[in-house]
Amino acid sequence: MPFKVLIANRGEIALRAIRACKELNISTVSVYSEGDKDLKHLKFSDETVCIGPASPLESYLNTPAILSAAELTQVDGIYPGYGFLAEDSNFAEMCEKSGFKFIGPNSETIKNMGDKITAKTLAEESGIQIVPGYKEDIPEDPEEFKKIVKNIGYPIMIKATAGGGGRGMRVVESEDDLISSAEITMQEAKNAFGNEKIYLEKFIPNPRHIEIQVVGDGKGHAIHLGTRDCSMQRRHQKIIEEAPAKNIDQDALDQTYEASIKLCKKLKYEGAGTIEFLYENAEFYFIEMNTRIQVEHPVTEMITGFDIVKAQLRIALGMEITLQQESINFNGHAMECRINAEDPETFQPSPGKITKMHIPGGFGIRYDSHIYGGYTVPPYYDSLLAKIITQANSRNSAIKRMISALDEFFIDGIKTNHSLHQRILHDKTFVDNKHTINYLENEFLKDGN
Ligand code: MV4
């Protein structure tokens, strides 16, 4: 019996998953909302099921509707993609209890990594360097609390244990603001996550965002697929990603790889994962682990030739797979530009009808997107329209290839951040690879670029 998988997502990642399923002879069921009936991947899917209104809460986040569709179509597994329910441990648990394989790590691992204190503790136990700080219970006595923070040294960052991805965090510059900042962060965390627990870290002022892609077989074997640099970002939305991260201290990297694999082995990690770090002054500091496929996975695929989405499916469905570190080779450099439906200056979303467009092509260029001429971008979901990925022998050649690909690419009818990309790709700081996580917001966009 061939396998059958339900894709619990939309847009480019749904299309990406269907392509991988086809290569593995897995038949596909695509669920979609009433706002998404014109999505391209529905044409390529073996079956489709409408699961509710356009509002994400009533469709792509609606667990009973998705499980009903899975029941109706008798699938073996559920592919969550990224966003929506991809890192919801309750959803993963419900899938398993309903007899459907959640394509990803087990619900306990998702839950552990969702709790940022637990994640830090697990990472530290495997020898990964964490940001120095404090993750015990905050003492009742304010003087005792102040003493702990004095020992860490200002500035510090207060983070919500249930937060992540930039939500529920606050910098504290001096003791004067400590108590009030802690109280505000706790209250916000309680409102946003239903959990007021916080922890403290030394503030790393100007790091790069480096991440390591890992893949585990769920039985204690794991490999890494190298690094990505995702420092070019605005308000925690990555804009350009690349692989591998350049100008990294080799000893620090080797140690971090080794400890990252140790963590995956200890967790008996299953499927694809990303371990995120801040990198400053030749030191890696663990911040969190994402237990899903990431938007930027293609840059890693382009330099390794390793199909991460196919690996996720194979591992989850118990198909044959070889994960051998020695057989992973790294080839040149890859870069991804995220094309969003937004105003390139104000960053306001710009949904609407695409009247006309042209897709770039050529040697070393990959284009992952669900859009087409005549398609109307709905206002209900995130603004990602397309990912343009280039691969070349060197970082400079990958940049040149990207500039050329973007010159060919146009979308008419809606606003996109196309011109922002062109400006960044010609920026000296970016070309010299000197940018950090603060560069785009604090320098590039302020200097009238
Ligand atoms: C930090 C930090 C500086 N110091 N932690 C933001 C997202 C979340 N994953 C962790 N984040 C940060 N944690 C310490 N101790 C700065 C950030 C941060 C950031 C990190 C990665 C990519 C972009 C960022 C943008 C602003 C702040």
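What counts and how
- Residues numbered from 1 in each chain as written.
- Predicted model: local features only at pLDDT ≥ 70, side-chain atom pairs only at ≥ 80, totals over all residues.
- Heavy atoms only, no water.
- Near = heavy atom within 4 Å.
- Polar contact = N/O pair within 3.5 Å; in protein donor to acceptor, adjacent residues only side chain to side chain.
- Areas by Shrake-Rupley, 256 points an atom, 1.4 Å probe, with all protein chains shown as cover.
- Helix = DSSP H or I, 4+ residues; strand = E, 2+ residues; numbered from the N terminus.
- Pairing = 2+ DSSP bridges.
- Contact = heavy atoms within 4.5 Å.
- Axes fitted to C-alpha atoms, helices over the stretch in contact; angles between N-to-C directions.
- Patch = residues over 30% accessible without salt bridge, like charges linked within 9 Å, V, L, I, M, F, W, Y side chains within 5 Å.
- Salt bridge = Lys/Arg side-chain N within 4 Å of Asp/Glu carboxyl O.
- Lys, Arg positive; Asp, Glu negative; His and termini not counted.
- Charge placed at Lys NZ, Arg CZ, Asp CG, Glu CD.
- Buried < 20%, exposed > 50% of the residue type's maximum accessible area, 1.4 Å probe, protein only.
- Domains from an automatic or database assignment.
- Buried area = accessible area lost by both parts, 1.4 Å probe.

The local shell around the ligand holds 18 residues, among which Lys-159, Glu-201, Lys-202, Ile-204 and Glu-288 are the closest. The backbone of Ile-204 places a nitrogen or oxygen atom 2.9 Å from a nitrogen atom of the ligand. Coverage of the ligand by the protein amounts to 91% of the 520 Å² it exposes when considered alone. Secondary structure elements with two or more residues in the shell around the ligand: β7 (156-164), β9 (198-202), β13 (270-280) and β14 (283-290).

This part is about the sheet that holds strand β1 (residues 4-7). The 5 strands are arranged β3-β2-β1-β4-β5 in an open sheet whose pairing can be described as parallel. Sheet topology places β3 (47-52) and β5 (101-102) at the edges, where each strand pairs with a single neighbour. The pairing of strand β2 (residues 27-33) with β3 spans 5 bridges and is classified as parallel. Its bridge partner lying in β3, Val-29 is registered against Glu-47. Across the sheet, helix α1 (residues 11-23) lies against β1, β2 and β4 (77-79), angled at about 170 degrees from β1, the strand it touches most.

Together, Asp-249, Asp-251, Asp-254, Glu-258 and Glu-283 make up a region of like negative charge exposed at the surface. Among the elements that take part in the negative patch, helix α9 (residues 250-267) stands out by supplying 3 residues, more than any other. The residue Asp-251 is located in helix α9 in this model. Note on Asp-251: relative accessible area 56%, which makes it exposed.

This part covers the domain arrangement of the chain. Domain annotation for the chain reports domain 1 (4-100), domain 2 (132-202) and domain 3 (208-444). Each of domain 1 and domain 3 has a C-alpha centre, and the two are 23 Å apart. If you look at the interface, domain 1 gives 31 residues, while domain 3 gives 30 residues. For the pairing of domain 1 and domain 3, the buried interface totals around 2400 Å² over both sides, and the portion due to carbon and sulfur atoms is 62%. Broken down residue by residue, the surface that domain 1 buries against domain 3 is led by Glu-12, Arg-16 and Leu-24, which jointly contribute 26%.

What follows concerns the sheet that holds strand β8 (residues 167-172). Pairing is antiparallel across the open sheet formed by 4 strands, whose spatial order is β6-β9-β7-β8. The open sheet terminates on both sides in strands that have one partner only, identified here as β6 (133-134) and β8. By the bridge criterion, 2 bridges tie β6 to β9 in an arrangement that is antiparallel. Its bridge partner lying in β9, Gly-133 is registered against Glu-201. Relative to β9, helix α7 (residues 142-152) is tilted by about 30 degrees, and along the sheet it contacts β6, β7 and β9.

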